[in-house]
Amino acid sequence: LYEVGISLDEYSQDPCECKNTFQVYVYDETSNAPIRGAYVQVTGPSGYSVDDYTGRKGQTGIITGANLSGTYTASATINGYEPQETSIFIDQTSCGDQKVRIWLKKI
């Protein structure tokens, strides 16, 4: 016969452990088709800045490091379309993957 002692501690998430990621999706405003090759930049508090290009499904890779509370801005540009941007506010309750969608209008 074996005895196993178990002790449970209350779980609380440390706000410093919050890990946010972004994935930006870029679409044609008229057709809703994904736009491949768009340049995407995400900026935020304390000089945060990351850039990437959209792949064949119109999405960037997973963008990491956005762990400070504040407003983040994602912008997308590509020849033949008007540039566009959108903002998202991140706070300590927003931990996780942030899906950002941007629709571009043809020039």
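Residues numbered from 1 in each chain as written. Predicted model: local features only at pLDDT ≥ 70, side-chain atom pairs only at ≥ 80, totals over all residues. Heavy atoms only, no water.

Novice: I'm lost on the environment of V40 in this one. Help?
Specialist: Residue position: V40 is located in strand β2 (residues 39-43). Between the C-alpha atom of V40 and that of A74, which follows or precedes it by 34 residues, the distance is 6.8 Å. Not counting chain neighbours up to four residues away, the residues in contact with V40 comprise V24, V26, V50, D51, D52, T54, T60, S75 and A76. (Helix = DSSP H or I, 4+ residues; strand = E, 2+ residues; numbered from the N terminus. Contact = heavy atoms within 4.5 Å.)

Novice: Can you walk me through the pattern of salt bridges in this structure?
Specialist: Any two side chains of opposite charge can pair, on the condition that their charged atoms come close. Scanning the entire structure with this criterion turns up 1 salt bridge. In this structure, D97 engages K99 in a salt bridge whose closest nitrogen and oxygen atoms are separated by 2.7 Å. (Salt bridge = Lys/Arg side-chain N within 4 Å of Asp/Glu carboxyl O.)

Novice: What should I look at first to understand the packing of aromatic side chains in this one?
Specialist: Two numbers describe a pair of aromatic rings. These are the distance of the centres and the angle of the planes. Under the counting rule described, the total for this entry stands at 4 aromatic pairs. Where F22 meets Y72, the ring centres are 5.4 Å apart and the plane angle is 50°; that geometry is what we call tilted. With F22 in strand β1 (residues 20-28) and Y72 in strand β5 (residues 70-77), this pair connects stretches of sequence that are 50 residues apart. Ring centres of Y48 and Y72 lie 5.6 Å apart, and the angle between their planes is 80°; on these two criteria the pair is classed as edge-to-face. A residue pair is termed long-range when its members are at least 10 positions apart, and Y48 in the loop between β2 and β3 (49-53) and Y72 in strand β5 qualify at 24 residues. (Phe/Tyr/Trp six-rings, centres within 6.5 Å; stacked < 30°, edge-to-face > 60°.)

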